[in-house]
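Listed below are the residues making up each chain.
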Amino acid sequence: MKVLKTHKTFEGLTQFWSHESAETKTEMKFATFIPNGKVEGCIIWLSGLTCTDENFITKAGAQKYLAENNLMVIAPDTSPRGLNLPGEHDSYDFGSGAGFYVDATTADYKTNYRMYSYIANELYGVIQNHFKVMNIAIMGHSMGGHGALVIGLRESEKFRSVSAFSPIVNPTQAPWGQKAFRGYLGDNQNVWKSYDACELIKSGKRHAHKILIHQGTKDEFLLNGQLLTPNWVESCQRHDQEQEVVFAEDYDHSYYFIATFIESHIKHHAKFLKQ
């Protein structure tokens, strides 16, 4: 565990870290904000396509609200780095910067692209063992919103609460998800379903607490069929998962949208992390 940079922020510290990952077999990076005083919980933030560990911590404006609620955040990178796997760097929506929070099974990717286990097990352990914070929640944006929903549902006993901005809720039915799942998981679409939040709800996975989503109505990826938010609402209503989707009028897919509503998500998690 190495600290690469430190910035005092709202009487706490914003820091950038690196460590050797047992899951990805590479150096992984993450950013943290840790407020002064007793830390009552940690939120894992999962970023979207093309992002790194720097996007959220730099753009979202979360530190003020985290400090007010005595919470830390940890924002990992979105994929392993430093590799040159076949096709890894050919497009923005697969490979580097696009790990999709799955454990790959295809020959070229199965050794290193283990982002599900990296988040759900290794990073979770880092929070508890290195930072000594036991109460953990998860949230994310777009591809990271997909990751937060899937990990939060499959590992519901680990995560006190779950939320997302503009998540890819039904990736087996969306072009982004279909491309990524075929590349990481092969052609068996039954395997894909274990990484699809709507399919997990249909199969009986639940989280004990309400799952919060914010979705902009002028989000270009909502309008072109990548996010499929209504499928999530229908699945949850039909299968008794408590949820709230806030359709935010005229907002898009950007970090300007996230910065506008990040306070409400931090307060949502604070209710459960500080119990």
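Each remark here, short or long, concerns the structure printed above.
A brief look at the structure comes next.

About the cut-offs
- Residues numbered from 1 in each chain as written.
- Predicted model: local features only at pLDDT ≥ 70, side-chain atom pairs only at ≥ 80, totals over all residues.
- Heavy atoms only, no water.
- Helix = DSSP H or I, 4+ residues; strand = E, 2+ residues; numbered from the N terminus.
- Buried < 20%, exposed > 50% of the residue type's maximum accessible area, 1.4 Å probe, protein only.
- Contact = heavy atoms within 4.5 Å.
- Phe/Tyr/Trp six-rings, centres within 6.5 Å; stacked < 30°, edge-to-face > 60°.
- Lys NZ or Arg CZ within 6 Å of the ring centre and 35° of its normal.
- Pairing = 2+ DSSP bridges.
- Axes fitted to C-alpha atoms, helices over the stretch in contact; angles between N-to-C directions.
- Core = buried A, V, L, I, M, F, W, Y, C linked by side-chain atoms within 4.5 Å.
- Bend = angle between axes of the 7 residues up to and from the residue.
- Polar contact = N/O pair within 3.5 Å; in protein donor to acceptor, adjacent residues only side chain to side chain.
- Parallel < 35°, antiparallel > 145°, perpendicular 65-115°, else oblique.
- Left-handed = near helix turned anticlockwise from the far one by under 90°.

Okay, the environment of G152 next. Position of G152 relative to the elements: it lies in helix 4 (residues 143-154). Classification of G152 by relative accessible area gives buried; the value is 0%. Excluding anything up to four places from it in sequence, G152 contacts I138, G147, V162 and H207.

Before going further, it helps to spend a moment on the packing of aromatic side chains. In the structure shown here, the tally under the stated rule is 20 aromatic pairs. Here the aromatic rings of W17 and F131 are separated by 5.2 Å at their centres, their planes lie at 85 degrees, and the arrangement is edge-to-face. Here W17 is found in strand 2 (residues 12-20), whereas its partner F131 is found in the loop between helix 3 (115-129) and strand 6 (136-141), with 114 residues between them in sequence. Accessibility expressed as a relative area gives 14% for F131, which makes it buried. A centroid spacing of 4.7 Å and a plane angle of 45 degrees characterise the contact between W176 and F221, whose relative ring orientation is tilted. Residue W176 is found in helix 5 (residues 175-185), and its partner F221 is found in helix 8 (residues 220-223); the two are separated by 45 residues along the sequence. On the accessibility criterion, W176 (3% relative accessible area) is buried. Members of the aromatic cluster, joined through ring pairs, are W45, F56, F165, Y251, F257 and F261. Above the face of the Y195 ring, R154 is positioned so that its terminal group lies 4.8 Å from the ring centre.

Turning next to the sheet that holds strand 9 (residues 243-248). Taken together, 9 strands build an open sheet; the order of strands is 1-2-3-5-4-6-7-8-9 and the sheet is mixed. With one partner strand each, in any of the chains shown, strand 1 (2-9) and strand 9 form the two edges of the open sheet. Averaged over all pairs of adjacent strands, the angle between strand axes in this sheet comes to 15 degrees, irrespective of strand direction. Bridging between strand 4 (residues 41-46) and strand 5 (residues 71-76) involves 4 bridges; their strand directions are parallel.

Another point: the nonpolar core. Within the largest apolar cluster, 63 residues are counted, with the highest numbers of intra-cluster contacts made by I44, F100, I119, Y184 and W232. Looking at which element gives the most residues to this core, the answer is helix 3, with 9 residues. When neighbours within four sequence positions are excluded, Y184 is seen to be in contact with F94, G95, A98, G99, F100, V102, A104, T105, T106, Y109 and Y113. L66, A137, Y255 and L273 belong to the second largest nonpolar core, which has 27 residues in total.

The subject of this paragraph is helix 10 (residues 255-273). In helix 10, a bend of some 50 degrees at F261 exceeds every other bend along the element. Of the residues that open helix 10, the one with a side-chain oxygen 3.2 Å from the backbone nitrogen of Y256 is S254.

It is worth spelling out the packing of helix 3 against helix 4 at this point. Contact pair helix 3 / helix 4: the axes reach a minimum separation of 11 Å and the direction vectors enclose 55 degrees. By the criterion of interaxial angle, the relationship of helix 3 to helix 4 is oblique. The chirality of how helix 3 crosses helix 4 is right-handed. Within the contact between the two elements, helix 3 uses Y116, I119 and A120 and helix 4 uses V150, I151 and R154.

Let's shift gears to unusual backbone geometry. Of note, the phi angle at F100 is positive, near 60 degrees, even though the residue is not glycine. As for its position among the elements, F100 is in the loop between strand 5 and helix 3. Look at F100 and you get buried, because its relative accessible area is 0%. The phi angle at K132 is positive, at roughly 60 degrees, despite the residue not being glycine. Residue placement: K132 occurs in the loop between helix 3 and strand 6.

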